[in-house]
Amino acid sequence: MDIDFRNQLLPCVSVFAWIFGILLVLMFVANAHFGEAISGFLNGAFGGRNLAYLLTTLSRATLIVGMALAVMISFRAGLFNIGGEGQLVIGGLAAALVGVYMPGPGWLVMATGIVAAMAAGGLWAVLAGVMQLYVGVPLLIGSLLLNYPARYLGSYLVGHPFRDVASGLPQTHLVPNEAWLPLFSGTRLDMGILFIALMSVLAVIYCNSTVPGYRARMNGLAPEFARASGLPVKRIVLQSLLMSGAIAGLVGALAVFGLHHRFTDGMLVQPLYAWTGIIAVLLVGMVPWAVPISGFFFAAIQTGAAGMERTADVPKEIGLIMQAVIILFVAGRISGVSLAGKSGENDNGH
Amino acid sequence: MGIDLVLDPAFLQSVPRFLTPILLAALGGAICERAGVFNIALEGFILVGAFCAVLGSYFMGSEWWGAVAAMAGGVGMGLLFAEFSLRRKGDAIVVSIALNLFAAGLTVYLLRTIFGVSGAFRDSGIKGFSGIDIPLLRDIPVLGPLLNGQSILFYFAVFAALALQLFFARHRLGLRLRAAGENPAGLSAGGVDPQRVQLWALVLCGALCGLAGAQLSIANVNLFVENMSAGRGWIAVVAVLLTRGRPLYVLFIAVLFGFVDSLSFRIQGFGLPQQFTDVMPYLATLIALIVLSAWHKSKTA
């Protein structure tokens, strides 16, 4: 028992103490009233009139979990795709353009928009994979650098050719009402969360119970072994990235059809959905069933921090800081993280 | 346009302003690379440096204190990296991603709590570095406008590139640092703890990235803007990757990127949408990466 206490319990307690201490210091810097801040946090994350803030948390969790699933698919295959942001933006852009300009019944517009978004996001991710496989650009850097062209392409398209000039902002016109995702009756929560719930289930099945999912994991944990066993490594890489990017694209489409009903410059970049998704996956060491929980956890930190800002005047960036701190403390404990290809050493396909 | 544009003194003058932050950060990254630390948190290091530079300059009333504070901030980030990656054995990529987010959050948080503003902080109390006029250099055509009248940080950055080249090649500590990266077991057999060397690499890297941030916030302008590093840290990471941490090549790449950066800034006046010019540095980085990777691949294949 004694040894157990020293080796397992004590580190845990000390990590919590550290995290809590940092939180206190930050609040002290902001000159905040501790009780107010905590109640503001809880209310912002889980409360509100008719639980309005809890629904906001769920809505944000939808997008974060979606991005986390996207990232998880590639991470588990040993592909450090940190370009989720670009794939998300490209997907959202495709969805918005279809949504605004395609004629036809609402459901068809939405369905087409979602498919277009998934295709666009998937191809954007595959582009990074092609650069790694056929040119030798490390995926980590290639996927990240593709964020910037995506961001500026979106910014240009909604700032110039497809701009809703009358709105005064760099954004597209509104998607017509009929093509919006319906709301749960009596709430402001849209049904996008159902897509992500379904996607979470599919992701668990894919990772745990299918041959392609198993092969992808094998490539992630032991790339040399995967290659030596004659697995089609190139296909695994491209397939995983296609799926990963497609999910990111779906998230973009859900943000457009469910939440914003148009594409506004920066709306998918500023809230750091993609980066939050990445750390949500890292927090739980890429275990598929745990990803939705950790995504919800981070969403709650963010909306809770916004609540703290409202009631106790603590800048909401405290949420971002605490997320980073948590990841720093668990970084040493994340197991099963085999990040092949991280520094370009794993050159699949040479 | 054409050659006139490139030889225009205003354009030449702007090249070093753009290349200095990338060069300083990439040299920091190069030190880590050679010591075997995979540091892709340069973006966060620079951001903290830029913020601390404004902090030091504003409260101490001198740009020199700004530079000292920037280095201190960068070193602080380096120590955090060391704590979580070396001592607590966190994966370097995970730690890097967390530190980048940490820097983004912390700088905005402190911007709002200390200065009570969000978005940007500008104030006449922020003292910045001004250009140094070098009499003889001033009169040389092309080189004069290019190299004269820059902030001290630019001259320091070029000096640091040359010094580092010698340091890696000749100096006992430089060799030790490389051994930490290339043959850590051999190094510890020789009685030197590789982790200690890596810790010092991170400290040096932090100081250099801090100065890179100072160039952004108290030399190029006198203000701090949220997310001011704006991807330069990633460009520096690419520069390290392409050169495998060789300082003279880093210098060359930084000049190249600085050139593209200021070119994009320059052609904003020609009626192109801003997004086209803004994306140019990233596209240039991507293209350089693709071309050099393909070349490297064809050579080794």
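Cut-offs and rules
Residues numbered from 1 in each chain as written. Chains lettered and ligands numbered in written order. Predicted model: local features only at pLDDT ≥ 70, side-chain atom pairs only at ≥ 80, totals over all residues. Helix = DSSP H or I, 4+ residues; strand = E, 2+ residues; numbered from the N terminus. Rg over C-alpha atoms; globule rule 2.2 N^0.38 Å. Buried ≥ 20, exposed ≤ 12 C-beta atoms within 10 Å, placed from the backbone. Contact = placed C-beta atoms within 7 Å. Axes fitted to C-alpha atoms, helices over the stretch in contact; angles between N-to-C directions. Parallel < 35°, antiparallel > 145°, perpendicular 65-115°, else oblique. Nonpolar A, V, L, I, M, F, W, Y, C, P; charged D, E, K, R; others polar. Core = buried A, V, L, I, M, F, W, Y, C linked by C-beta atoms within 7 Å. UniProt positions renumbered as here; feature names shortened; annotations may be inferred. Expected span 1.5 Å × (residues − 1). pLDDT = per-residue confidence, 0-100.

Once that is clear, we can look at the overall build of chain A. Counting secondary structure elements, chain A contains 14 helices and zero strands. Its helices and strands taken in sequence order, chain A reads α-α-α-α-α-α-α-α-α-α-α-α-α-α from the N to the C terminus. Whereas a compact globule of 350 residues would reach a radius of gyration of roughly 20 Å, chain A reaches 21 Å, a difference of no more than 12%. Its C-alpha atoms give chain A principal-axis dimensions of roughly 65 × 60 × 35 Å. Per-residue burial over chain A gives 57% buried out of 350 residues. Residue pairs in contact within chain A that sit at least 24 positions apart in sequence constitute 77% of those at least 6 positions apart.

Looking now at the overall build of chain B. Along the backbone of chain B there are 14 helices and two strands. Computed over its C-alpha atoms, the radius of gyration of chain B comes to 19 Å, within 12% of the 19 Å expected for a compact globule of 301 residues. The principal-axis extent of the C-alpha atoms belonging to chain B is close to 60 × 50 × 40 Å. The buried share of chain B, taken over its 301 residues, is 53%. Sequence-distant contacts, at least 24 apart, represent 75% of the contacts inside chain B between residues at least 6 apart.

So, on to the packing of helix α2 (residues 34-46) of chain A against helix α3 (residues 52-76) of chain A. Packed helix pairs are characterised by how far apart their axes lie and by the angle those axes make with each other. All names here are of chain A. Interhelical geometry of α2 versus α3 gives an angle of 65 degrees and a closest axis separation of 5 Å. Relative to α3, the element α2 is oriented roughly perpendicular. Only Tyr53, Leu54 and Thr57 of α3 make contact with α2, whose side of the interface consists of Asn43, Gly44, Ala45 and Phe46. Considering only residue class, the contact of α2 with α3 consists of four nonpolar, three polar and no charged.

Turning our eyes to something else, we now look at the nonpolar core. Residues Ala98 and Ala239 of chain B are the most contacted members of the largest nonpolar core, which totals 229 residues. Discounting chain neighbours no more than four positions away, the residues touching Ala239 of chain B are Ile22, Ala26, Val250, Ile253, Ala254 and Phe257 of chain B.

Here we come to the UniProt feature "transmembrane region" (unreviewed entry) in chain B. Residues and elements named next belong to chain B. In the numbering used here, UniProt assigns the feature "transmembrane region" (unreviewed entry) to residues 15-33, 40-58, 64-82, 94-115, 152-169, 249-267 and 279-295. Within the segment residues 40-58, helix and strand shares are 89% and 0% respectively, and the terminal C-alpha atoms sit 29 Å apart. Regarding residues 94-115, the helix share stands at 95% and the strand share at 0%, and the terminal C-alpha atoms are separated by 31 Å.

Attention now goes to α3 of chain A. Residue and element names in this part refer to chain A. If you check α3, its first and last C-alpha atoms are 35 Å apart, about what 25 residues at 1.5 Å a residue would give, namely 36 Å. Extensive coverage of α3 is indicated by the burial of 22 of its 25 residues. Phi turns positive one or two residues past the end of α3, at Gly78, with a value near 80 degrees.

The subject of this paragraph is the interface of chain B and chain A. Chain B puts 39 residues into the contact, and the matching count from chain A is 39 residues. For the side of chain B that touches chain A, the elements supplying multiple residues, two or more each, are α5 (92-114), α12 (232-243) and α14 (274-300) of chain B. Residue composition of the side of chain B that touches chain A, grouped by class: 25 nonpolar, eight polar and six charged.

Where the residue is not glycine, phi is negative for most of them; where a peptide bond is considered, it is trans in most cases. All names here are of chain A. The phi angle at Asn31 is positive, at roughly 60 degrees, despite the residue not being glycine. Looking at the secondary structure, you find Asn31 in the loop between α1 (2-29) and α2. In this structure Asn31 comes out as exposed when scored by C-beta crowding, with 10 C-beta atoms within 10 Å. Within the chain, Asn50 stands out as a residue other than glycine whose phi angle is a positive 55 degrees. Looking at the secondary structure, you find Asn50 in the loop between α2 and α3. Asn50 sits in the exposed class, given 11 other C-beta atoms within 10 Å.

Here α12 of chain B is twelve residues long and its end C-alpha atoms lie 16 Å apart, about the 16 Å a rise of 1.5 Å per residue gives. Counting buried residues along α12 of chain B, twelve of its twelve residues qualify, which places the element largely inside the surrounding structure. Buried within α12 of chain B are the following residues: Arg232, Gly233, Trp234, Ile235, Ala236, Val237, Val238, Ala239, Val240, Leu241, Leu242 and Thr243 of chain B. Looking at the buried residues of α12 of chain B, the elements they touch are α6 (139-145) of chain A together with α2 (9-34), α3 (42-60), α13 (247-266) and α14 of chain B. Positive backbone phi, at 50 degrees, marks Arg244 of chain B, one or two positions downstream of α12 of chain B.

This part is about the environment of Leu54 of chain A. Residue and element names in this part refer to chain A. Inspection of the secondary structure assignment puts Leu54 in helix α3. C-alpha of Leu54 to C-alpha of Gly304: the two residues are 250 residues apart in sequence and 9.5 Å apart in space. Once residues lying within four places of it in the same chain are set aside, the contact partners of Leu54 are Phe46, Gly47 and Gly48.

Turning to the confidence of the model for chain B, a few remarks are in order. Residue and element names in this part refer to chain B. Of the residues in chain B, 97% reach a pLDDT of 70 or more, and the chain-wide mean stands at 90. Predicted confidence in chain B is weakest over helix α1 (residues 3-7), with a mean pLDDT of 65, and strongest over α3, with 97. Confidence estimates for the predicted assembly give a pTM of 0.92 and an ipTM of 0.91.

Another point: the packing of helix α7 (residues 147-159) of chain A against α14 of chain B. The contact between α7 of chain A and α14 of chain B brings their axes to 9 Å, and the two run at 170 degrees. Considering the angle they form, α7 of chain A stands roughly antiparallel to α14 of chain B. Seen from α7 of chain A, the contacting residues are Tyr148, Pro149, Tyr152, Ser155, Tyr156 and Gly159 of chain A; seen from α14 of chain B, they are Gln275, Asp278, Val279, Tyr282 and Leu283 of chain B. A per-class count over the contact of α7 of chain A with α14 of chain B returns seven nonpolar, three polar and one charged.

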